[in-house]
Amino acid sequence: MTLASLVQGAVEGIVAEVVILDRGSRDGTALLADAAGCRFLEDPDLRDVVRSARGDWLLLIEPGARPLLGWVDHLGQHMVAGTMSARMRPSREYRLPFFQRFRRRVSALEHGVLIPKRQAIANAKSGHSLESLGRGLAMTRLKCEIVPASVLALR
């Protein structure tokens, strides 16, 4: 689902490549990534991955999340004019039930993270997870929405 939603970004030139970082899944992700022309890396070193990524900006999305219509324009505008990291807004339509929103650990990538590559290189540490790049950053909120993986898992 996440991969399919990135196609529009690739067509518009916002997404230069998709890199899938795998930590031992057995669900056929490697075959899907290969068929879609993605780089699939098993248990990669975060620092090496960030350095080898193409483009001046990195979009980090948790597996299963789905950016909603309009995300390509908003990210593109921010990448041209912005200098700081950004994240999308949580979907107003697709949300977790009220009490479930408070009783869980929120992923740093839940609303996506758009980060300049130079900042990602400076923050990337060997042995750390991708999620560590999204923690503790000063970010602006973009005017586009994303449906977090936790919401889609309920359907």
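Preceding this paragraph is the structure being described.
Notes on the structure follow.

How each quantity is defined
- Residues numbered from 1 in each chain as written.
- Predicted model: local features only at pLDDT ≥ 70, side-chain atom pairs only at ≥ 80, totals over all residues.
- Heavy atoms only, no water.
- Helix = DSSP H or I, 4+ residues; strand = E, 2+ residues; numbered from the N terminus.
- Buried < 20%, exposed > 50% of the residue type's maximum accessible area, 1.4 Å probe, protein only.
- Contact = heavy atoms within 4.5 Å.
- Areas by Shrake-Rupley, 256 points an atom, 1.4 Å probe, with all protein chains shown as cover.
- 1 Å grid on protein atoms, 1.4 Å probe; cavity = no way out; pocket = protein on both sides within 12 Å on 5 of 7 lines; lining within 4 Å.
- Points joined across faces, edges and corners; volume = space filled by probe spheres on them.
- Nonpolar A, V, L, I, M, F, W, Y, C, P; charged D, E, K, R; others polar.
- Core = buried A, V, L, I, M, F, W, Y, C linked by side-chain atoms within 4.5 Å.
- Salt bridge = Lys/Arg side-chain N within 4 Å of Asp/Glu carboxyl O.
- Lys, Arg positive; Asp, Glu negative; His and termini not counted.
- Polar contact = N/O pair within 3.5 Å; in protein donor to acceptor, adjacent residues only side chain to side chain.

### Here's the deal with the overall build of the protein chain
Here is step 1: Looking only at helices and strands, the protein chain has seven helices and seven strands in total.
Here is step 2: In the protein chain, the succession of α and β elements from N to C terminus is α-α-β-α-β-α-β-β-α-β-β-α-β-α.
Here is step 3: Counting the 155 residues in the protein chain, one finds 41% classified as buried.
Here is step 4: Partitioning the contacts of the protein chain with sequence separation of at least 6, the portion at a separation of at least 24 is 76%.
Here is step 5: For the protein chain, the computed accessible surface area is about 9,200 Å², with 53% contributed by carbon and sulfur atoms.

### Here's the deal with the layout of surface pockets
If you roll a probe as big as a water molecule over the atoms, it shows you where there is empty space left.
Here is step 1: There is about 1,200 Å³ of room inside the largest pocket.
Here is step 2: Contributing to the lining of the largest pocket are 42 residues, with Val19, Ile20, Leu21, Ile61 and Leu130 lying nearest its centre.
Here is step 3: Put simply, the parts of the chain that give the lining of the largest pocket at least two residues each are helix H1 (2-5), strand S1 (19-22), helix H3 (29-36), helix H4 (46-52), strand S3 (57-60) and helix H5 (71-81).
Here is step 4: Here the lining of the largest pocket is composed, by residue class, of 27 nonpolar, seven polar and eight charged.

### Quick look at the side chain of aspartate 22
Here is step 1: Structurally, aspartate 22 is set in strand S1.
Here is step 2: Other than its neighbours up to four places away in sequence, aspartate 22 contacts Phe40, Leu41, Glu42, Asp43 and Pro44.

### A few points about the nonpolar core
Here is step 1: If you look at the biggest cluster of nonpolar residues, it comprises 18 residues, and the most contacted ones within it are Val18, Trp71, Leu75, Met88 and Cys144.
Here is step 2: Mapped by element, the contributors of at least two residues to this core are H5, strand S5 (85-90) and strand S7 (139-147).
Here is step 3: Within the second largest apolar cluster, 13 residues are counted, among which are Leu58, Leu109, Leu133 and Leu137.

### A look at the environment of leucine 58
Here is step 1: With respect to the element layout, leucine 58 can be found in strand S3.
Here is step 2: With 61 residues separating them in the primary sequence, leucine 58 and glutamine 119 have C-alpha atoms 9.8 Å apart.

### Some remarks on the pattern of salt bridges
Here is step 1: Counting across every chain of the model gives four salt bridges.
Here is step 2: A salt bridge links glutamate 17 to arginine 39; its shortest N-O distance comes to 3.9 Å. Of this pair, glutamate 17 sits in the loop between helix H2 (7-11) and S1 while arginine 39 sits in strand S2 (residues 39-42), and the two are 22 residues apart along the sequence.
Here is step 3: By relative accessible area, which is 18% here, glutamate 17 ends up buried.
Here is step 4: Across the pair glutamate 17 and arginine 54 runs a salt bridge whose closest N-O atoms are separated by 3.9 Å. Highlighted residues: glutamate 17 in the loop between H2 and S1 and arginine 54 in the loop between H4 and S3, separated in sequence by 37 residues.
Here is step 5: What emerges from the salt-bridge pattern is a single network uniting Glu17, Arg39 and Arg54.

### Digging into the side chain of arginine 87
Here is step 1: Tracing the backbone through its elements, the reader meets arginine 87 in strand S5.
Here is step 2: Despite its burial, arginine 87 pairs with no opposite charge; the closest candidate is glutamate 110, at 7.3 Å N-O.
Here is step 3: In this structure the side chain of arginine 87 is engaged in a polar contact, spanning 3.3 Å, whose partner is the backbone oxygen of alanine 108.
Here is step 4: Here arginine 87 is in contact with Ala108, His111, Gly112, Val113, Gly134, Met139, Thr140, Arg141 and Leu142, once residues within four sequence places are set aside.

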